[in-house]
Amino acid sequence: MKKITSFIFSMLTFGLGFGQTSLGAGELAITGVNSGIEGDSSDAFSFVLLTDVEDGTIINFTDTGWLASGRFYNVSTDGALLSEGMITWTASSSLNCGTEIIITDTGSNNWSVSPAVGTALESDQGFTLSRSGDQIIAFQGTTLVPEFLFALHFANGSNWTDAVNTNQSALPTGLTDGINAVHISRDNIVYNYNILGNTNLILAALVNPNEWLGSSSNYQTLGIPGGGVFTCDTTILEEGDLAITGVNTTDSDQFSFILLTDILRGTEINFTDKSWDTTGTFILDSSNDPVPEGIVKWTATSDLNCGTEIIITGAGGNIWSATLGEAVESEDGFLFNETGGDQIIAFQSNIWTPQLKYALHFGNSNGWTDAVDNKNSAVPAGLTNGINAVAFNKDNCIYNYSVTSNQSLILAATVDPLNWTGDDTIRQTLGISSGSISCTTPNTCFSTTIWNGSSWSNGDPDMSKHIKISSNYSTSINSLMACSLTVDYGFTLTVENGTFLAIQNDAVINGTLMVEHQGNFVQNNSNGTITLGPSGSCVLNKTTPLKPNYYYYTYWSSPVVNETIGNVFPLVGADRRYRFNAQNYLDNAPTDDVDDNNNDWEIAVAEDTMVPGVG
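Notes on the structure follow.

Each value, and the rule that gives it
Residues numbered from 1 in each chain as written. Predicted model: local features only at pLDDT ≥ 70, side-chain atom pairs only at ≥ 80, totals over all residues. Heavy atoms only, no water. Helix = DSSP H or I, 4+ residues; strand = E, 2+ residues; numbered from the N terminus. Rg over C-alpha atoms; globule rule 2.2 N^0.38 Å. Buried < 20%, exposed > 50% of the residue type's maximum accessible area, 1.4 Å probe, protein only. Phe/Tyr/Trp six-rings, centres within 6.5 Å; stacked < 30°, edge-to-face > 60°. Pairing = 2+ DSSP bridges. 1 Å grid on protein atoms, 1.4 Å probe; cavity = no way out; pocket = protein on both sides within 12 Å on 5 of 7 lines; lining within 4 Å. Points joined across faces, edges and corners; volume = space filled by probe spheres on them. Nonpolar A, V, L, I, M, F, W, Y, C, P; charged D, E, K, R; others polar. Axes fitted to C-alpha atoms, helices over the stretch in contact; angles between N-to-C directions. Contact = heavy atoms within 4.5 Å. Patch = residues over 30% accessible without salt bridge, like charges linked within 9 Å, V, L, I, M, F, W, Y side chains within 5 Å. Areas by Shrake-Rupley, 256 points an atom, 1.4 Å probe, with all protein chains shown as cover. Salt bridge = Lys/Arg side-chain N within 4 Å of Asp/Glu carboxyl O. Polar contact = N/O pair within 3.5 Å; in protein donor to acceptor, adjacent residues only side chain to side chain. Core = buried A, V, L, I, M, F, W, Y, C linked by side-chain atoms within 4.5 Å.

## What to know about the overall build of the protein chain
Okay, so step 1: Check the secondary structure of the protein chain and you find four helices and 42 strands.
Okay, so step 2: For the protein chain, whose C-alpha radius of gyration is 28 Å, the value lies close to the compact-globule estimate of 25 Å for 615 residues.
Okay, so step 3: Taken along the three principal axes of its C-alpha coordinates, the protein chain extends 80 × 60 × 55 Å.
Okay, so step 4: Here the protein chain, with 615 residues, has 49% of them falling under the buried criterion.

This is the structure in structure tokens:
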């Protein structure tokens, strides 16, 4: 027995280690499917690699559904698929992340691969996609022990249910819809290729049904149009990693921005004139789609340093130019209101789940209000006026470049409307007129100012100064911006409702930092730390209105690590605290949006640790 076991182990080790990359879920994504039109049943599909793979890597694609019980539909004990088929793609060379591959049915169970970077072989009962609903499931391993990579269900509205026939499927084990799986109600579908940079952003777009196009009567052209490429290693910016520096609305539209961090080639930043609604989305129409204003997508065509300024100019006919990089109108309708007000909001990812970076409202004196029309907007979620957003009352406007060094100081200066000039009818000359813009190490603090209970020892705080709280301080006096922070033992710094504390780097809390329900505490540097002294504490107060009935609920998540349910909700009964487990949600046809097993909500016990960002 020892000899047999050792031999099998050696074979498995050899098979996985030689010429084979083992992918994880989401390291591949399907980008398009043609499943046939009236009078023509030719099939094709495409996928993109979201990691590098070695020569000889094998990936399987099947149209066989997955049973909720945990196996493929109608599979034999030896792993044969008895109702549908499988395409096995084998890489013929090492391939880079971002490679897109199209596999096409050429007849007689033969399949072509384009570009010629591997082979595709059909097995079992035949891989034939149905116009009445089907799925493509990508996996490695065997049909009996699959390791799922990505899944797409398409051509009917049943979503992920169960494999009651060849047109249906449950969500494969270990995959999550909206994370590494997607369902789309149409057939002949293709990704819209709005986002081509950064593996995380590409994957997030590909699992969003709103980023797909389709038609039951026409084939789609698979693959990136116009010779574009996916770029995996690009930069995801933090809030305030760029700042808008100017806007012209008279005659041709124009705007400029400064990069406040280094970025890699292929990084994409979107700019939109859409309004943001207080409900937490871009303003929607009656069909719950974003209203038809536009998006200009800027792409870096080379690595660029912090301090680089780019000017983007409209040339008419949805054509845009950029002084560096490439600008395209990815959604028609980007047009500033020449009078009455507008906004420009910078974001990454897509319009449905945007990662917001900076915002400028201009052209009227309303400031940030709400999206009552396309001339007004709320401050986008996650941004704060005076930290990474600014409002100015002129149409043609420009930052005065009073600060041109140290990215923290530049950001602080651009969000102060006193540093802007403009005119409602006269265009401004965008871009710094002389000299250059430079960045310094973000954690450099040039001086210290101390609060003694009545005044600051070295002038008011700003992003160049370390601040020391040596007496109680409330931001009802003034909101605070600083390079770093220390709260001394025995004293409390309170961030009141409607105010903020923004620091660039680290905070040391030997006393108490208290943030009220509608106060904001922002740490700009993602590597910044908060250190609690032996008697130090950080307190975040949150309140929720009373609910009129037992079935109403409030969804909570923790902004800090290692906090327990019991500490956060000490006064809430143990039978009134729940967490949602999406893996347990099952809603078989006929669907009613209710879990069939009634086990998707689980009791959250006092000892459970809350995971930041997870409810």
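## Details of the packing of aromatic side chains
Okay, so step 1: Evaluation of the coordinates by the stated rule reveals 27 aromatic pairs.
Okay, so step 2: Centroid distance Phe47 to Phe61: 4.8 Å. Interplanar angle 40°. Geometry classified as tilted. With Phe47 in strand β2 (residues 44–49) and Phe61 in strand β3 (residues 58–62), this residue pair connects regions lying 14 residues apart in the sequence. Like Phe61, Phe47 is buried.
Okay, so step 3: These aromatic residues form a ring-pair network of at least three members: Phe255, Phe257, Phe271, Trp298, Trp320, Phe334, Phe336 and Phe362.

## Quick notes on the sheet that holds strand β29 (residues 473–474)
Okay, so step 1: Reading across from one edge, β29-β32-β35-β38 is the order of the four strands in this open sheet, with parallel pairing throughout. Strands with a single pairing partner mark the edges of an open sheet, and in this sheet they are β29 and β38 (537–540).
Okay, so step 2: The sheet contact formed by strand β35 (residues 512–515) and β38 spans four bridges and is parallel. Within β38, the position partnered with Met514 by the bridge is Val539.

## What about the layout of surface pockets?
Unoccupied space between atoms shows up once a probe the size of one water molecule is rolled over them.
Okay, so step 1: Reported here for the second largest pocket is a volume of approximately 730 Å³.
Okay, so step 2: What lines the second largest pocket is a set of 27 residues, and nearest its centre among them are Leu171, Ala582, Gln583, Tyr585 and Leu586.
Okay, so step 3: Tallied by class, residues from the lining of the second largest pocket come to twelve nonpolar, twelve polar and three charged.

## Thoughts on the sheet that holds strand β19 (residues 309–316)
Okay, so step 1: Pairing in this open sheet of six strands is antiparallel, and the strands run β20-β19-β16-β15-β25-β26 from one edge to the other. Only two strands of the sheet have a single neighbouring strand rather than two, namely β20 (319–322) and β26 (420–423). The sheet shows a mean angle of 25° between the axes of neighbouring strands, direction not considered.
Okay, so step 2: Both strand β25 (residues 396–399) and β26 contribute to a ladder of four bridges, which runs antiparallel. The residue of β26 that forms the bridge with Asn396 is Asp423.
Okay, so step 3: Docked against the sheet, helix α3 (residues 407–414) engages β15 (242–248), β16 (254–259), β25 and β26, running at close to 40° with respect to β15.

## What about the environment of Met610?
Okay, so step 1: Its location among the elements puts Met610 in strand β42 (residues 609–610).
Okay, so step 2: The exposure class assigned to Met610 is buried, which follows from its relative accessible area of 8%.
Okay, so step 3: For the pair Met610 and Gly566, spaced 44 residues apart in sequence, the C-alpha to C-alpha distance is 9.9 Å.

## Description of a nonpolar patch on the surface
Okay, so step 1: On the surface, Tyr553, Tyr555, Tyr578, Phe580, Tyr585, Trp601, Ile603 and Val605 cluster together into a nonpolar patch covering about 830 Å² of accessible area.
Okay, so step 2: Of all the elements in the fold, those that place two or more residues in the nonpolar patch are β40 (578–580) and β41 (601–603).
Okay, so step 3: Looking at where Tyr553 falls in the secondary structure, it is placed in the loop between β38 and β39 (563–564).
Okay, so step 4: On the basis of relative accessible area, Tyr553 is assigned to the exposed category, the value being 58%.

## Let's talk about α3
Okay, so step 1: Of all eight residues in α3, seven are buried, a share of seventy percent or more.
Okay, so step 2: Residues of α3 that are buried: Gln407, Ser408, Ile410, Leu411, Ala412, Ala413 and Thr414.
Okay, so step 3: One side-chain oxygen at the N-terminal end of α3 lies 2.9 Å from the backbone nitrogen of Ser408; it belongs to Asn406.

## Concerning the pattern of salt bridges
Okay, so step 1: Applying the stated criterion across every chain yields a total of four salt bridges.
Okay, so step 2: Among the salt bridges present, the one from Lys274 reaches Glu331, with a minimum N-O distance of 2.7 Å. Here Lys274, found in the loop between β17 (268–272) and β18 (295–299), pairs with Glu331, found in strand β21 (residues 326–331); they are 57 residues apart in sequence, far enough to count as distant.
Okay, so step 3: Of the residues examined, Lys274 reaches a relative accessible area of 0% and is grouped as buried.
Okay, so step 4: Relative accessible area serves as the criterion here: at 24%, Glu331 is assigned to the partly exposed category.
Okay, so step 5: In this structure, Arg579 and Asp608 form a salt bridge, with 3.5 Å as the shortest nitrogen-oxygen distance. On the criterion of sequence distance, the pair formed by Arg579 in strand β40 and Asp608 in the loop between β41 and β42 is long-range, its members being 29 residues apart.
Okay, so step 6: On the basis of relative accessibility, which here comes to 23%, the residue Arg579 falls in the partly exposed class.

## What to know about the nonpolar core
Okay, so step 1: Counting 52 residues, the largest nonpolar core has Phe61, Trp89 and Ile103 as the members making the most contacts within it.
Okay, so step 2: When sequence neighbours within four positions are dropped, the list of residues in contact with Phe61 reads Leu28, Phe45, Phe47, Gly85, Met86, Ile87, Trp89, Phe127, Ile136, Ile137 and Ala138.
Okay, so step 3: Of all hydrophobic cores here, the second largest spans 42 residues; its members include Leu259, Leu360, Phe392 and Ile398.

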